[in-house]
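Examination of the molecular architecture
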Amino acid sequence: MRFPPTLFALALCAASLTTAQAQNAIPAPPHTRTNQAPAGMTFSYDAEHGMISATGTQNKATPIASTSAPSYTGTVNVTINIKIASNFRPGTLYHCSALFVGGELDTDSGLVAGGLETANGFARRTGAGTATCTFTIPFAWSLPSAPSADTGLVIAFGARAVDFGGKEKEVSRSTFQVDGIENLPSDASTSSFVFDVTL
């Protein structure tokens, strides 16, 4: 099955890649990374409020309803390095947002057995013309142990320059991007991702 190419836009972004092979059943949740986001998954970035949202996915109710589903935990560290290339007014602050959808991804129906995690915060200046946001995002999901499941993380991230010099805050500039499908971290492990953006 062929899907349209990935579209990146400030207001709306859809991720669509190719299919991956399945893995045989094992006691823990499978770790075969899918190369394709669930059908219809889209992301949008509200730069005014610094929030990312995901649409086009539906959480699969079965894992949470099942008392036999083991808890699957981990931590995702996201670092966003900002290169400040625009000429912003003194006192401008830099804000970042991150969102990831992860777990078992049914790429045909858009069902996700896992979770959606978000983080938001202001960057700290790290030098002349640079700032960095660092997020440590712990998660705990109930994942089924299925014989032919694809897993992965889809990460979206945004950054904005916020000018507080006037009567009201004003977003001077923003950027929004979606990473490809990443591997699902092993149970009780930590995965780290670093992204570079320019404002």
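Here goes a summary of the coordinates provided. All values reported here derive from a predicted model rather than from experimental measurement.

Re the pattern of salt bridges
Considering all chains together, one arrives at one salt bridge under this definition. With a closest N to O distance of 2.8 Å, Arg-89 and Asp-163 form a salt bridge. Remark: Asp-163 occurs in strand S10 (residues 151-163) and Arg-89 occurs in the loop between strand S5 (71-83) and strand S6 (93-105); sequence separation between them is 74 residues. A relative accessible area of 7% means that Asp-163 is categorised as buried.

A word on the state of the cysteines
Evaluated as defined, the whole model comprises one disulfide. Paired by a disulfide, Cys-96 and Cys-133 hold their sulfur atoms 2.1 Å apart. As the torsion about the S-S bond is roughly 80°, the Cys-96-Cys-133 disulfide counts as right-handed. On the criterion of sequence distance, the pair formed by Cys-96 in strand S6 and Cys-133 in strand S9 (residues 130-142) is long-range, its members being 37 residues apart. With respect to class, Cys-96 is no different from Cys-133; both count as buried.

A word on the sheet that holds S9
Pairing in this open sheet of four strands is mixed, and the strands run S8-S9-S5-S12 from one edge to the other. Strands at the two margins of the open sheet, each flanked by one partner only, are strand S8 (124-127) and strand S12 (189-198). Taking the axes of each pair of neighbouring strands and ignoring which way they run, one obtains an average angle of 30° across the sheet. Pairing of S5 with S9 involves 13 bridges; the strand directions are antiparallel. Looking at S9, one finds that Ser-71 is bridged to Ser-142.

Notes on a nonpolar patch on the surface
Among the surface-exposed residues, Leu-93, Phe-122 and Phe-164 lie close enough to one another that they form a single nonpolar patch of about 290 Å² accessible area. Within the fold, Leu-93 resides in strand S6.

Considerations on the packing of aromatic side chains
Scanning the entire structure with this criterion turns up six aromatic pairs. Aromatic pair Phe-88 and Tyr-94: ring centres 5.8 Å apart, planes at 65°, arrangement edge-to-face. As far as the burial class goes, Phe-88 and Tyr-94 line up, both buried. Each ring, one from Phe-157 and one from Phe-195, has its centre 4.1 Å from the other, and the planes form 15°; the classification is stacked. In this pair, Phe-157 sits in strand S10 while Phe-195 sits in strand S12, placing the two residues 38 residues apart along the sequence. Per residue, the accessibility class of Phe-157 equals that of Phe-195, and both read buried. Following the ring pairs from residue to residue traces out a cluster consisting of Phe-100, Phe-139 and Trp-141.

Things to note about the pairing of strand S3 (residues 51-55)
Where a strand is regular, its side chains alternate between the two sheet faces. Sheet topology note: the strand S2 (residues 42-46)/S3 ladder contains five bridges and is antiparallel. Across the sheet, Ser-44 pairs through a bridge with Ser-53, a residue of S3. Remark: four residues form the turn of the hairpin made by S2 and S3, two consecutive strands paired antiparallel; Gly-50 in that turn has positive phi of roughly 70°.

Looking at the nonpolar core
Residues Val-78, Ile-80, Ile-82, Tyr-94, Phe-100, Phe-135 and Leu-153 are the most contacted members of the largest nonpolar core, which totals 29 residues. When contributions to this core are tallied by element, the ones reaching two or more residues are S5, S6, S9, S10 and S12. In terms of residue count, S9 provides more of this core than any other element does, six residues in total. In contact with Phe-100, not counting residues within four places along its chain, are Val-76, Gly-115, Leu-116, Glu-117, Ile-137, Phe-139, Trp-141, Leu-153, Val-154 and Ile-155.

Considering the environment of Tyr-94
Looking at the secondary structure, you find Tyr-94 in strand S6. Through-space distance from the C-alpha of Tyr-94 to that of Val-162 is 6.0 Å; in sequence the pair is 68 residues apart. Leaving out residues up to four positions away in the same chain, Tyr-94 has contacts with Ile-82, Ile-84, Phe-88, Gly-121, Phe-122, Ala-123, Arg-125, Ala-131, Arg-160, Ala-161 and Leu-199.

Reading guide: rules and limits
Residues numbered from 1 in each chain as written. Predicted model: local features only at pLDDT ≥ 70, side-chain atom pairs only at ≥ 80, totals over all residues. Heavy atoms only, no water. Salt bridge = Lys/Arg side-chain N within 4 Å of Asp/Glu carboxyl O. Helix = DSSP H or I, 4+ residues; strand = E, 2+ residues; numbered from the N terminus. Buried < 20%, exposed > 50% of the residue type's maximum accessible area, 1.4 Å probe, protein only. Disulfide = S-S within 2.5 Å. Pairing = 2+ DSSP bridges. Axes fitted to C-alpha atoms, helices over the stretch in contact; angles between N-to-C directions. Patch = residues over 30% accessible without salt bridge, like charges linked within 9 Å, V, L, I, M, F, W, Y side chains within 5 Å. Areas by Shrake-Rupley, 256 points an atom, 1.4 Å probe, with all protein chains shown as cover. Phe/Tyr/Trp six-rings, centres within 6.5 Å; stacked < 30°, edge-to-face > 60°. Core = buried A, V, L, I, M, F, W, Y, C linked by side-chain atoms within 4.5 Å. Contact = heavy atoms within 4.5 Å.

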